[in-house]
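Each chain, letter by letter, is given below.
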Amino acid sequence: MLEIDNLTKTYADGLQALRGCSLTVPGAEVVAVIGPSGAGKSTFIRCINRLVTPTGGSIRLDGTELTALGERGLRGVRRHIGMIFQEYNLIERLTVMENVLAGRLGAVSFMQALLRRFPQADVDRAFELLARVGLEGYENSRADALSGGQRQRVGIARALMQEPRLLLVDEPTSSLDPKVARSILALICELASELGIPALINIHDVGLALRFARRVIGLSAGEIVFDGAPAEVDEAALSRIYGADDWRDAFRQEGEEDRHVAGEGMAS
Amino acid sequence: MSERSHDAILATERARRYRAGGALLALLAVIAAAGHYVGVFDGARLAQGVPALLELMGNMLPPDFTGWQDWIAPLIDTLAMSVAGTAIAVIASVPLAFCAARNTTPSAALYHGTRNLLNFLRTVPELIMGILFVAAVGFGPLAGVLAVGLHSIGMVGKFFAETVEHADPAPIEAVRATGAGPAQVIWHGVLPQVLPRFLDVSVYRWEYNFRASTVMGLVGAGGIGFELIGSLRILAYREVFAILLVILATVIVVDGIGSALRRRIQ
């Protein structure tokens, strides 16, 4: 269970990315987070695993308060939160297998990771996961030799390698063509329900969100302005999220926020 | 109205031209003063110098290779100096670079400290370091290795640090998100990205270090330069010329090997 209460984030330069967001995800549920660029979607999702440090509010995952955790405790929690990224964020020069095993970095010692001596159970599991996401036989290919859809499948396998209790998914389909985007999103939703874990998916494509999610959250200017079932997303709801003017115009991809998120760097 | 603003534009243009002309004149004056100070315009001395130079060149011909057997060991010394010196520099530069890169440094104090250290090492020429190390560990290649190695850290460390700073933050973020510690983030998120460039810089530096090692002998720090200064002292110009040709040939070979190695990286 994920409980977020009155979450706020103000960046160092004064940009208020989140202004008091509250959200409870009781169990295995695919939640789509939609909203215009700059609404705070990236910040919202990164506050949960503290890649971005929230300014205020509380986040509890299965009862553990995440905002109060120290360095070591934080790493322990991150170990169980899988994350999937828009640009896949693979290590391009390494093989598919090494990228998937990277999902276990939080669980093995530095020396084990240094010598790339992952336990056999991990290696077996990595093979299984690669087969599950449709990449059997690609284990030794270099990540930069794969297509966009295949790279995202590696990203998914890496996240699942963590045996996650929660999946954070940031614009998983923005860099993919529509057909591949649908199959990737379908795979993520399928896997989340197989594992029985909640998934939070940032997505700017409203059509895809309505088709795959069981619940839709609308973010606008750092506030949650809609929370309901896909069937309840009507024009009134969309204009509340994207603004009263033709909201289709608001579907831009890149925003101010990306720069801020990147600016938080490697601090923790 | 339009005419007046046109005039204003012309006046601004003219003022800019005058300023540029003034700056150019000032620059020429500085160059002329510097040239005069060091005697470049001393026609009489230059005129004297030309025949002396021609005579010197005459004394150098034909090159005298009879002592070639004595140069083999010093050449190997020089090569070994460049390899060992580069290795020392690269090994020391890796940890320093992660301290001197904004995105991986453990603390701001360490960042500024290492940056200053690298600047300092770059500032002290390797010949000066050679003199100091000859005084410390005595004549021979060891002093040369230490001088070449220490001086190289300044440049290699800086290039490594800049490479680390240009690493793509996206995969680094992904590794952090798995719960990896700082050392694992560097090992799995940063190092695979920067390794090709690290190798490229190292080989390039080795090429440079071989050239630097050839003159280390001038201050007694070992290698072929020692033979060169020895022949110069006894005014054996034909031998000097022969040694210079040998150095030139090995530099060309080393540069060739270096470029071939660097082409194979990526």
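As shown above, the structure is provided for reference.
Quick caveat: nothing in here was measured; it's all calculated off a predicted structure.

Residue and element names in this part refer to chain A. Spatial strand order, β2-β1-β4-β5: 4 strands in an open sheet with antiparallel pairing. A single partner strand is all that each edge strand has here, and the edge strands are β2 (16-25) and β5 (64-65). In the sheet, strand β1 (residues 2-10) pairs with β2 via 7 bridges, with the strands oriented antiparallel. Bridge pairing in β2 places Thr8 opposite Arg19. Helix α1 (residues 41-48) rests against β1, β2 and β4 (56-61) of the sheet, and its axis sits at about 120° to β1.

The subject of this paragraph is the interface of chain B and chain A. The interface of chain B with chain A comprises 24 residues on the first partner and 32 residues on the second. Between chain B and chain A, a total of about 2400 Å² is buried, with carbon and sulfur atoms accounting for 61% of that surface. The three residues of chain B that bury the most area against chain A are Arg176, Thr178 and His188 of chain B, which together make up 29% of that side's buried surface. Linking chain B to chain A there are 1 salt bridge. Among the ionic pairs, Arg46 of chain A bridges to Glu173 of chain B, the shortest N-O distance being 2.6 Å. The tally of links from chain B across to chain A stands at 4 residue pairs in polar contact (both at pLDDT 80 or more). For the side of chain B that touches chain A, the elements supplying multiple residues, two or more each, are α7 (169-177) and α8 (182-216) of chain B. The greatest single-element share of the side of chain B that touches chain A, amounting to 9 residues, is contributed by α8 of chain B.

Analysis parameters
The residue count restarts for each chain, going from 1 along the sequence in the order it is written. The order in which chains are written sets their letters, starting at A; the order in which ligands are written sets their numbers, starting at 1. Where local features are concerned, this predicted model is filtered to residues with pLDDT of at least 70; where side-chain atom pairs are given and counted, the filter is 80 or more; whole-chain, interface and lining totals use all residues. Hydrogens and waters are ignored; side-chain quantities use all the structure's heavy atoms. When DSSP finds two or more bridges between a pair of strands, those strands are recorded as paired. Strands here mean DSSP runs of E at least two residues long; helices mean DSSP runs of H or I at least four residues long; both are numbered from the N terminus. In this description, contact between two residues means that some pair of their heavy atoms is separated by no more than 4.5 Å. Angles shown run from 0 to 180 degrees and are taken between the N-to-C directions of axes, each axis being a line fitted to C-alpha atoms and, for helices, limited to the stretch in contact. Joining two parts hides part of their accessible area as seen by a 1.4 Å probe, and the buried area is that hidden amount summed over both. Should a side-chain nitrogen of Lys or Arg be within 4 Å of a carboxyl oxygen of Asp or Glu, the pair is scored as a salt bridge. N or O atoms within 3.5 Å of each other form a polar contact, as long as, within protein, one can give a hydrogen and the other can take it, and as long as residues adjacent in sequence are counted only when both atoms are side-chain atoms.

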